[in-house]
Amino acid sequence: NAGVMQNPRHLVRRRGQEARLRCSPMKGHSHVYWYRQLPEEGLKFMVYLQKENIIDESGMPKERFSAEFPKEGPSILRIQQVVRGDSAAYFCASSPPDRPFSGANVLTFGAGSRLTVL
Amino acid sequence: AQSVSQHNHHVILSEAASLELGCNYSYGGTVNLFWYVQYPGQHLQLLLKYFSGDPLVKGIKGFEAEFIKSKFSFNLRKPSVQWSDTAEYFCAVNAYGQNFVFGPGTRLSVLP
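Figured I'd write up the structure that's included with this text. From a predicted model like this one, the values you see are computed outputs, not experimental measurements.

## What about the nonpolar core?
When a protein is soluble and globular, its nonpolar side chains tend to lie buried together.
All names here are of chain B.
Here comes step 1: Grouped together as the largest cluster of nonpolar side chains are 29 residues, with contacts concentrated most on L33, W35, L47, L48, F74, L76 and Y89.
Here comes step 2: For this core, the element with the highest residue contribution is strand β10 (residues 87–94), accounting for four residues.
Here comes step 3: The contacts of L33, once residues within four sequence positions are left out, are Y25, L48, K49, Y50, F67, F74, A92 and V93.

## Some thoughts on the interface of chain B and chain A
Here comes step 1: Counting from both sides, the interface comprises 21 residues of chain B and, opposite them, 22 residues of chain A.
Here comes step 2: Roughly 1800 Å² is buried in total at the junction of chain B and chain A, and carbon and sulfur atoms are behind 59% of that figure.
Here comes step 3: Seen at the junction of chain B and chain A, the total is zero salt bridges.
Here comes step 4: Remark: the boundary between chain B and chain A carries three residue pairs in polar contact (both at pLDDT 80 or more).
Here comes step 5: Residue assignment for the side of chain B that touches chain A shows that the elements contributing at least two residues are β5 (32–38), β6 (44–50), β10 and β11 (100–102) of chain B.

## Focus on the state of the cysteines
Residues and elements named next belong to chain B.
Here comes step 1: A full pass over the atoms with the stated rule returns two disulfides over all chains.
Here comes step 2: Here C23 connects covalently by a disulfide to C91, the sulfurs 1.9 Å from one another. Between C23 and C91 the disulfide shows an S-S torsion of about -65 degrees. By sign, it is left-handed. Here the residue C23 occupies a position in strand β4 (residues 23–26), and C91 occupies one in strand β10, the gap between them amounting to 68 residues.
Here comes step 3: For C23, a relative accessible area of 0% puts it in the buried group.

Definitions and limits used
- Residues numbered from 1 in each chain as written.
- Chains lettered and ligands numbered in written order.
- Predicted model: local features only at pLDDT ≥ 70, side-chain atom pairs only at ≥ 80, totals over all residues.
- Heavy atoms only, no water.
- Core = buried A, V, L, I, M, F, W, Y, C linked by side-chain atoms within 4.5 Å.
- Buried < 20%, exposed > 50% of the residue type's maximum accessible area, 1.4 Å probe, protein only.
- Helix = DSSP H or I, 4+ residues; strand = E, 2+ residues; numbered from the N terminus.
- Contact = heavy atoms within 4.5 Å.
- Buried area = accessible area lost by both parts, 1.4 Å probe.
- Salt bridge = Lys/Arg side-chain N within 4 Å of Asp/Glu carboxyl O.
- Polar contact = N/O pair within 3.5 Å; in protein donor to acceptor, adjacent residues only side chain to side chain.
- Disulfide = S-S within 2.5 Å.

Laid out in structure tokens, this is it:
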């Protein structure tokens with residue numbers, strides 16, 4: 001039972017290019033979350049998705065950033081026209097369908113994708 | 001909206017010292033509570049969780065946490081830390097149907 005798979009693990013882009021980060025959730029998990037971690041800073045929530053739906057994108061910058069979780073395939077976090085300030089580790093996490101008091105609602109994290117913008 | 005605060009940004013201890021990391025949350029309803037650990041260069045891993053029942057929760061590697069509902073707190077403890085516990089520790093809260101909210105993290109440095 002593979003865990004949360006993220007790729008690429010490392011991505012280097014020049015300013016103005018596009019970055020695409022992919023996340024395959026654990027088998028049986030239907031919820032995906034994206035977080036950004038900057039050096040010396042904590043974990044910042046970006047977006048929470050279910051299949052074909054964005055549930056909460058309150059942490060996502062309004063411009064240049066977008067996320068999707070299609071019916072088939074991985075979730076993708078897309079950053080257009082990257083700037084140096086986008087350099088960070090981007091973590092994806094997944095969880096099973098939410099059931100109250102089930103004890104099953106736990107986030108499992110992937111290894112992260114480290115984006116470096118030159 | 002939910003929020004999570006962690007009392008200490010950076011804690012430095014010697015090996016065998018006792019540890020307590022504070023975590024407080026703000027949310028009026030029923031919540032699930034978590035502590036995650038991030039070892040240097042690695043991803044976040046679940047340390048322990050509370051959903052219901054006994055408010056004293058035991059996790060991996062000798063860690064435990066106590067949920068005190070009246071204080072909206074979920075402090076993490078370990079009686080005797082080891083050098084290998086050096087890591088960043090994140091408290092998180094989640095309510096049914098809602099997002100997971102993480103605290104800012106506490107960096108623990110254990111001196112050999």
